[in-house]
Amino acid sequence: MGKNIFRLTSKWLYAASGGSALVGLYHYFKPDESKCEAPADILFQPSAKWIYNWDKRDVSSLIKPCKDEEDPPEQYKINEQKDKLFPTATRHIFLVRHGQYEDWKEDDKDRKLTPLGQQQAAMVGQRLKQLNFKYTKLIHSSMTRAKETANIVLKYLPNIPVESTDLLREGNPIPSEPPVGIWRAEYKYYVDGPRIEAAFRKYFHRASVEQKADSFDVIVCHSNVIRYFICRVLQVAPEAWLRFSLHHCSITWIAIGPNGHVCVFAVGASGFMPSDKLTIV
C-alpha cells in the first residue's frame, strides 16, 4: 500500500464506514494570478494554525540546531541528517468502543458484556477482518468490558500481539464546553485527565524512521477516551469531546502520515451493524 495516507481509495473508506458514508475529496484550484488577484484584506487567515511538531517527533526537533544558518556546509550536514531521520510509513489506528455491558453493577469485575454486547463485539471483529489489513497489534483497556470485547475481536484477528493497559481505562478527561451530562467532582478530572493525556501521547504519534511498513493498530477502549483522542489528534479544543457520541463497538479510523499530518477516515462508524443491534448507553 502506498505511503501517502491521502491515496486511500474510496472503496476502503466505504468499507470502513460499513457502507454508511463516504468521504468526499475536494480539489481546490488556484486562479491565474496574471488575470486576477484577491484583495489583501479578504485573503484567508486560519483561526488556529496547525502545529507540525504536535507529537514532538518532527525531524527538526530531533537534530541539534545549526549554529550558523549562513554556513552552507553546516546547513548541508543538517539537511542530510534530516533526510536520514524522516520516516516513510503511515500509522493507522482503529479505535473500537467496547460492547454493551451491565452498567447497573457497581464493581468493574461484575460489569460484563451483555449478550447483545457480545454480538456487537463479534460483528466489529468480523468487520475488521473484512477490511483485510495486516494488523500489527491490539491494545485494550484493562477494564472488564474492554477486555471481553478485545478477546472476542481476537477470534477474528488471531496471531497478533496483545497489550493491556490501565492508561486506557474510562474516565473524565476534561470538563466539557458546553457543560453536558451529570455533575462530576473536580478531582475526577484532575486524576483522570493526565492519565488519558498520557495514553494519547503514548499511542498517537507519527512513525519512527525504523518503521519501514505501514502499521495498523487496533485499540479497544471507551467512549470518553476515544472522543478526547479525536479532539487532541485534530488539534481542536479538547473540551469539545462531549459534542458527539459513539455507538458500542463502533470504529474510529485515524491515520498519521510520515510528516505528522492527520486524516480521520471514520468517526464512530457502525453501519456494519443492523439498526436493532445499535446501542449507545
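In this text, all values refer to a predicted model and were calculated from it rather than measured experimentally.

1. Remarks on the overall build of the protein chain
- When you go through the protein chain residue by residue, the secondary structure sums to six helices and six strands.
- Each helix and strand of the protein chain, ordered N terminal to C terminal, gives the series α-α-β-α-β-α-β-α-β-α-β-β.
- Out of the 281 residues in the protein chain, the part that is buried amounts to 45%.
- Sequence separation of 24 or more characterises 74% of the internal contacts of the protein chain that already satisfy a separation of 6 or more.
- Of the roughly 16300 Å² of accessible surface on the protein chain, a fraction of 55% belongs to carbon and sulfur atoms.

2. Here we look at helix α3 (residues 115-131)
- With 17 residues, α3 should reach 24 Å at 1.5 Å per residue; the first-to-last C-alpha distance of 25 Å fits that figure.
- Taken as a whole, α3 has its buried residues at L116, G117, Q120, A121, A122, M123, V124, G125, R127, L128 and L131.

3. Things to note about helix α4 (residues 144-153)
- Of all ten residues in α4, seven are buried, a share of seventy percent or more.
- When α4 is considered as a whole, its buried residues turn out to be T144, R145, A146, T149, A150, I152 and V153.
- Tucked into the core, α4 has its buried residues touching α3, β2 (137-141) and β4 (215-221).

4. Section: the packing of aromatic side chains
- For the structure shown, the criterion picks out eleven aromatic pairs.
- Relative to F229, the ring of F204 has its centre 4.9 Å away and its plane inclined at 55°; by these criteria the two rings are tilted. Remark: F229 occurs in helix α6 (residues 223-233) and F204 occurs in the loop between α5 (186-203) and β4; sequence separation between them is 25 residues.
- Take F229: its relative accessible area is 0%, and that puts it in the buried class.

5. Overview of the UniProt feature "binding site: substrate" (unreviewed entry) in the protein chain
- Listed under "binding site: substrate" (unreviewed entry) in the UniProt record, and renumbered for this structure, are R145.
- Of note, R145 is situated in helix α4.
- For R145, a relative accessible area of 4% corresponds to the buried category.
- Once you skip the residues sitting within four places of it in the chain, R145 turns out to touch H98, Y101, D108, R111, L113, E170 and H222.

6. With respect to the nonpolar core
- In this structure, F94, L128, Y135, L138 and V218 are the most contacted members of the largest nonpolar core, which totals 33 residues.
- Per-element tally for this core: the top contributor is α3, with six residues.
- Among all residues touching F94, those that are not within four sequence positions of it are L128, L131, F133, Y135, F216, D217, V218, I219, I251, T252 and W253.
- Among the nonpolar cores identified, the runner-up in size contains 22 residues, and W54, L95, I139 and I256 belong to it.

7. Notes on the layout of surface pockets
- The volume enclosed by the largest pocket comes to roughly 690 Å³.
- Forming the boundary of the largest pocket are 26 residues, of which E170, N172, R184, N224 and R227 lie nearest the centre.
- Among the secondary structure elements, those contributing two or more residues to the lining of the largest pocket are α5 and α6.
- With four residues, α5 is the largest single contributor of residues to the lining of the largest pocket.
- Of the residues in the lining of the largest pocket, the class split is ten nonpolar, seven polar and nine charged.

8. Let's talk about unusual backbone geometry
- A cis geometry characterises the amide bond from E177 onward to P178, with omega recorded as 0°.
- Residue position: P178 is located in the loop between β3 (162-165) and α5.
- Positive phi is not limited to glycine here, since Q235 has a value of about 60°.
- Counting through the fold element by element, Q235 comes out in the loop between α6 and β5 (251-256).

9. As for the environment of C231
- Along the chain, the position of C231 falls in helix α6.
- Residue classification places C231 among the buried positions, given a relative accessible area of 2%.
- Separated by ten residues in the primary sequence, C231 and W241 place their C-alpha atoms 6.3 Å from one another.

10. Observations regarding the pairing of strand β1 (residues 91-97)
- Where burial is concerned, most of β1 is hidden: seven out of the seven residues are buried.
- Alternating positions in β1 separate into two faces, R91, I93, L95 and R97 on one and H92, F94 and V96 on the other, with burial throughout.
- With seven bridges joining them, β1 and β4 adopt parallel strand pairing. Across the sheet, the residue bridging to V96 is V220, located in β4.
- Pairing geometry for β1 and β5, over six bridges, is antiparallel. By the bridge assignment for β5, F94 is matched with W253.

Cut-offs used in this document
Residue indices begin from 1 for each chain and proceed along its sequence in written order. For a predicted model such as this one, the threshold for reporting local features is a pLDDT of at least 70, and the threshold for listing and counting side-chain atom pairs is 80 or more; totals across whole chains, interfaces and linings nevertheless cover every residue. With hydrogens and water set aside, each side-chain value is computed from the structure's full complement of heavy atoms. Put simply, DSSP H or I for four residues or longer makes a helix, DSSP E for two residues or longer makes a strand, and each gets a number counted from the N terminus. Relative accessible area decides the class of each residue, using a 1.4 Å probe on protein chains only: under 20% of the type maximum gives buried, over 50% gives exposed, and in between gives partly exposed. Contact criterion: two residues are considered in contact whenever any of their non-hydrogen atoms come within 4.5 Å of each other. What sets the accessible areas is the Shrake-Rupley method with a 1.4 Å probe; for residues, cover comes only from the shown protein chains. Any helix carries an expected span of 1.5 Å times its number of residues minus one. For Phe, Tyr and Trp, where Trp contributes only its six-membered ring, two rings pair if their centres lie within 6.5 Å, and the inter-plane angle classes them as stacked under 30 degrees, edge-to-face over 60, or tilted in between. UniProt positions are given in the numbering used here, feature names are shortened, and annotations may be inferred rather than shown by experiment. The nonpolar core is taken to be a set of buried Ala, Val, Leu, Ile, Met, Phe, Trp, Tyr and Cys residues, with the residues joined through side-chain atoms within 4.5 Å. Definitions used throughout: a 1 Å grid over protein atoms alone; a cavity as a set of points that fits a 1.4 Å probe which cannot get out; a pocket as an open set with protein on both sides within 12 Å along at least five of seven lines; a lining residue as one with an atom within 4 Å of a point. Grid points are joined across faces, edges and corners, and a volume is the space filled by probe spheres set on the points. Classification used: nonpolar for Ala, Val, Leu, Ile, Met, Phe, Trp, Tyr, Cys and Pro, charged for Asp, Glu, Lys and Arg, polar for all others including Gly. One bridge is not enough; two strands pair if DSSP finds at least two bridges between them.

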